[in-house]
Every structure is written in structure tokens, then in C-alpha cells.
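Chain by chain, the residues:
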Amino acid sequence: KEKKILILGAGAIGTHLAWQLAATGISKLIILDFDQIELSNLNRQLLYQHRDIEQNKVEILKKRLGEIFPELIVDVLHKRLSDLNDVREIVDSSFDLVVKAIDTPNEMTDWIGQVAFENKICMVQGGFIGTTGVVGPHYFPEKTPCYRCYPQEMKISRLSGTGATQSSMTELV
């Protein structure tokens, strides 16, 4: 309940996880995203509605979470992370957990993994490759290797293009 959690991304994974964490009793979330809601988001991004199209994801997510969980404190950052220094400005040792639910730029997993390692904070992540859900690799200080510690051939390369993502798969990831 007292943990400080940062969710990077208010899309499919981020919205579902924010709702799940709030439902379990987390008292404070910090959510970062730079994007606006699009019609194509509505089939898998929890709590957004047709009337929300073209509005900032983080502001609408904060509003909806507050309507359901009035005791929840949600701080939002409407910001794009473009490089390692941007990640370092946001992610620090005050967090207990960083959730990587953001998929661009391609280097984001490496950047967040590096900053989580530097600050000795837990990092979890999930996403999709086409229609396949992907979970991890995660980082838990002194329990798992850092992201850069994994052999290069184990790292996942981003596929270009778009794929169908189902809401049920999002919930599982």
C-alpha cells in the first residue's frame, strides 16, 4: 500500500496495470505518457471512452481512476522520453518499482533497465510482438541480472509495423 510506483506508458499495459494496482490498494501512482487517445486504442486500453479521443491519455486515466478509487493519489507526467538523460530525470531511487509499459523509442528497455540498475530499483515490463504477449525480462536488485547482463542473443528486437492486440491478451500480460 505504501510503495511508490512509476508506470511509464498509459496505453494497453499501463492502463490495465494502473487499474489492477489501484484495485489491490496501492495508494499512489505516478504515470507518464505523452500521447493522446485515438479510436484504435479503445479496444485494449482500459478506462478510455469514445468521447476521450484526442485528449491526453494521462489526464483521462487520472480522472477515471479517481472516479473509481477516490482515495488513490495519481500524479501524471505528460512527457515524451527521448533519450537516456530523459529517463534519468524521471526515474530515481525514490521509486520502489518502475513499470516499463512504453515501447518507443526502441532503446527504451535498455535505458530504463540501466537507470533501474543504477538506482537499485525493481523494473518490470510487458508488451507484444505481433499477437504474442511478452513479459520481461525484469530486474530485481541483487536477485536477477540487469538488462545489459543478459547475453545479446537473448534480447528481443522490435518488429516494425502494427499487429492486432486483444484486450484479453493485454490483461494477461
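In this text, all values refer to a predicted model and were calculated from it rather than measured experimentally.

A. The packing of helix α1 (residues 12-24) against helix α2 (residues 57-68), seen in detail. Contact pair α1 / α2: the axes reach a minimum separation of 11 Å and the direction vectors enclose 25°. Accordingly, the angle class assigned to the pair α1 and α2 is roughly parallel. Handedness of the crossing formed by α1 with α2: right-handed. Residue-level inspection shows T15, A18, W19 and A22 of α1 in contact with α2, the latter providing L61, L65 and I68. For the contact of α1 with α2, a count of residues per class yields six nonpolar, one polar and no charged.

B. Seen up close, α2. With 12 residues, α2 extends 17 Å from end C-alpha to end C-alpha; this agrees with the ideal 16 Å at 1.5 Å per step. Those residues of α2 not exposed but buried are K57, V58, I60, L61, R64 and L65. Looking straight down α2, one finds its buried side chains confined to an arc of 160°; they lie on one side. Considering only its buried residues, α2 is in contact with α1, β2 (28-33) and β3 (73-78).

C. Main features of the side chain of Q125. Tracing the backbone shows Q125 in strand β5 (residues 122-129). A relative accessible area of 8% means that Q125 is categorised as buried. Look past the residues within four positions of Q125 in its chain and what remains in contact with it is K100, T109, V134, V135, G136, P137, H138 and Y147.

D. The arrangement of the packing of aromatic side chains in detail. Here the structure, examined in full by the defined rule, presents one aromatic pair. A cation over a ring is seen here: R80 above F34, with NZ or CZ 3.8 Å from the ring centre.

E. Fine view of the side chain of Q45. With respect to the helices and strands, the residue Q45 is situated in the loop between β2 and α2. The exposure class of Q45 is buried, given its relative accessible area of 4%. A distance of 3.2 Å separates the side chain of Q45 from the side chain of K57, its partner in a polar contact. Not counting the four nearest positions on each side in its chain, Q45 is found in contact with A10, G11, A12, T15 and K57.

F. Local environment of the nonpolar core. Counting residues in hydrophobic clusters, the biggest one holds 25 residues, and the most contacted among them are I5, I7, L29, I31, L61 and L65. For this core, the secondary-structure elements that each account for two or more residues are β1 (5-8), α1, β2, α2, β3 and β4 (97-100). Once residues lying within four places of it in the same chain are set aside, the contact partners of I7 are G14, L17, A18, L21, L29, I30, I31, L32 and V99. Of all hydrophobic cores here, the second largest spans 21 residues; its members include L84, V87, V91 and I112.

Rules used in this analysis
- Residues numbered from 1 in each chain as written.
- Predicted model: local features only at pLDDT ≥ 70, side-chain atom pairs only at ≥ 80, totals over all residues.
- Heavy atoms only, no water.
- Axes fitted to C-alpha atoms, helices over the stretch in contact; angles between N-to-C directions.
- Helix = DSSP H or I, 4+ residues; strand = E, 2+ residues; numbered from the N terminus.
- Parallel < 35°, antiparallel > 145°, perpendicular 65-115°, else oblique.
- Left-handed = near helix turned anticlockwise from the far one by under 90°.
- Contact = heavy atoms within 4.5 Å.
- Nonpolar A, V, L, I, M, F, W, Y, C, P; charged D, E, K, R; others polar.
- Expected span 1.5 Å × (residues − 1).
- Buried < 20%, exposed > 50% of the residue type's maximum accessible area, 1.4 Å probe, protein only.
- Arc of directions from axis to C-beta.
- Phe/Tyr/Trp six-rings, centres within 6.5 Å; stacked < 30°, edge-to-face > 60°.
- Lys NZ or Arg CZ within 6 Å of the ring centre and 35° of its normal.
- Polar contact = N/O pair within 3.5 Å; in protein donor to acceptor, adjacent residues only side chain to side chain.
- Core = buried A, V, L, I, M, F, W, Y, C linked by side-chain atoms within 4.5 Å.

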